[in-house]
Amino acid sequence: MRLILNSPLDMHLHLRDGDMLQHVAKFSAKDFTGALIMPNLVPPITDIPSLLAYKERILDVMGCEQFTPYMSLFFKSDYKADFLERSRDYITAIKLYPSGVTTNSDGGVEQFDVKKLAPIFEAMSELNIPLCVHGETNGFVMDREKEFGAVYECLAVAFPKLTIIMEHITTRSSAELLKRYENLYATITLHHLLITLDDVAGGLLNPHLFCKPIAKRYEDRDALLELALNANKKVMFGSDSAPHPVSKKECCGCAAGIFSAPIALSALAELFEKHDKLTNLQAFVSDNARDIYKLTPIEKTVILEKKEWIVPATFGDVVPMFAKQTLKWQALSQK
Ligand code: NCD
Ligand code: ZN
């Protein structure tokens, strides 16, 4: 049995830089035609020369694979309208991180003062630059995303022409909020469709499933599943594949991030098949993103075959999601 996907897109991807970039980029390049590249390098990508140099480094490691890195800038509170205007042609989105909420977000927004930031959001609205947001407060870990809902509402109302992407949503409340405002959209990861906090910390602690936002309750996962499996037009796939070397995961002070790029499409096919929704996978992994971001990706056919394979224990220095486990679908080739 075969499944053909037309130009799959991963709208939230960490490719890192240097040796890690060299190592992980090929997995996304094989299975996807493009991805929205996160800007949380050290230092973050906040200007166009750095962004273009990073894009070149990504394209360099892609070799003959056909893959478009859709670039994003790291939101800074002092961006000016003329800078955004000059940047427009080079970027697909701007990613906003509240300061300190996740890996490499220290240079993010300190105080979320919507009034103060209004000129930036207005300029982005005018220029049709989508705003991607890591929507968490620094409150109690299970409530951070829910608490951030008030900020999303405020943004959605104050800037009705701004496309706002709620990144990697994890809660029922986000799923509901999304439906209430026309200009709110969301990415959903593979892992948040599969795991709950029980998988992370309910038994022996599993550092390889530790990520931000932390996986939540069963009812939250069900709400995300309902959106993704039915290919709701307001959601799209964003893996949030976030590789860290094993030494940073299997230690005290474990880094947040799940490396899912090599298994993402296989596991999504298995999940959608399990729920008898395989026909909706194309919309979730490509069509919805094209509509939301108004993208015309390069044509690339990815063939998935129903054929078991065992996920390696490690890829180099990185442990993937589903390490040593058997998956039912294999991504074969593309043309
Ligand atoms: C990401 C990373 O490692 O860069 N970590 C994560 O847990 N998801 C950052 C992020 O997207 O929050
Ligand atoms: Zn991320």
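Conventions adopted
- Residues numbered from 1 in each chain as written.
- Chains lettered and ligands numbered in written order.
- Predicted model: local features only at pLDDT ≥ 70, side-chain atom pairs only at ≥ 80, totals over all residues.
- Heavy atoms only, no water.
- Donors = N, O, S within 2.8 Å, 3.2 Å for Na, K, Ca; no water.
- Helix = DSSP H or I, 4+ residues; strand = E, 2+ residues; numbered from the N terminus.
- Buried < 20%, exposed > 50% of the residue type's maximum accessible area, 1.4 Å probe, protein only.
- Pairing = 2+ DSSP bridges.
- Near = heavy atom within 4 Å.
- Areas by Shrake-Rupley, 256 points an atom, 1.4 Å probe, with all protein chains shown as cover.
- Nonpolar A, V, L, I, M, F, W, Y, C, P; charged D, E, K, R; others polar.
- Salt bridge = Lys/Arg side-chain N within 4 Å of Asp/Glu carboxyl O.
- Phe/Tyr/Trp six-rings, centres within 6.5 Å; stacked < 30°, edge-to-face > 60°.

A.B. asks: Before we move on, can you summarise the coordination of the zinc ion (ligand 2) with the specific residues and values?
C.D. replies: At the metal site, the zinc ion (ligand 2) is ligated by His12 (NE2), His14 (NE2) and Asp240 (OD), and these contacts range over 2.0 Å. Summarised as a motif, the one-chain spacing of the donors to the zinc ion (ligand 2) is H-x1-H-x225-D. Here the residue His14 occupies a position in the loop between strand E2 (9–13) and helix H1 (18–31), and Asp240 occupies one in the loop between strand E9 (235–237) and helix H10 (246–249), the gap between them amounting to 226 residues.

A.B. asks: Any chance you could break down the pairing of strand E8 (residues 184–188) for me, citing the residues and the numbers?
C.D. replies: Every regular strand shows the same layout, with side chains that alternate between the two sheet faces. Counted residue by residue, E8 has five buried out of five residues, so it is predominantly covered. On E8, burial covers both faces: Leu184, Ala186 and Ile188 on one face and Tyr185 and Thr187 on the other are all buried. Bridge count between strand E7 (residues 164–166) and E8: three bridges; the pairing is parallel. What sits directly across from Met166, in E8, is Ala186. The sheet contact formed by E8 and E9 spans three bridges and is parallel. By the bridge assignment for E9, Ile188 is matched with Phe237.

A.B. asks: Tell me about the site of ligand 1, and please be specific about residues and values.
C.D. replies: The environment of ligand 1 is made up of 15 residues, and the closest members are Arg16, Asn40, Thr102, Lys212 and Asp240. Alone, ligand 1 offers 320 Å² of accessible surface; in the complex the protein occludes 100% of this. By residue class, the composition of the shell around ligand 1 is three nonpolar, nine polar and three charged.

A.B. asks: Tell me about the pattern of salt bridges, and please be specific about residues and values.
C.D. replies: Inspection of every chain in the model, using the stated rule, returns ten salt bridges. Among the ionic pairs, Glu126 bridges to Lys161, the shortest N-O distance being 3.2 Å. With Glu126 in helix H4 (residues 114–127) and Lys161 in the loop between helix H5 (144–158) and E7, this residue pair connects regions lying 35 residues apart in the sequence. One exposure class covers both Glu126 and Lys161, and it is exposed. Residues Lys179 and Glu226 are paired through a salt bridge, measuring 3.6 Å at the closest nitrogen-oxygen approach. Of this pair, Lys179 sits in helix H6 (residues 172–180) while Glu226 is found in helix H9 (residues 218–229), placing the two residues 47 residues apart along the sequence.

A.B. asks: Go over the pairing of strand E1 (residues 2–6) with me, naming the residues and quoting the values.
C.D. replies: On E1, burial follows the alternation: Leu3 and Leu5 on one face are buried, whereas Arg2, Ile4 and Asn6 on the facing-out side are not. Direction of pairing for E1 relative to strand E10 (residues 301–310): antiparallel, over a ladder of five bridges. Bridge assignment links Arg2 to a residue of E10, and that residue is Glu305.

A.B. asks: Outline the packing of aromatic side chains, listing residues and values.
C.D. replies: Within this structure, the stated rule accounts for twelve aromatic pairs. Between Phe112 and Phe148, the ring centres sit 5.8 Å apart and the planes meet at 90°, which makes this aromatic pair edge-to-face. With a gap of 36 residues between them, Phe112 in the loop between strand E5 (93–96) and H4 and Phe148 in helix H5 connect regions that are remote in the sequence.

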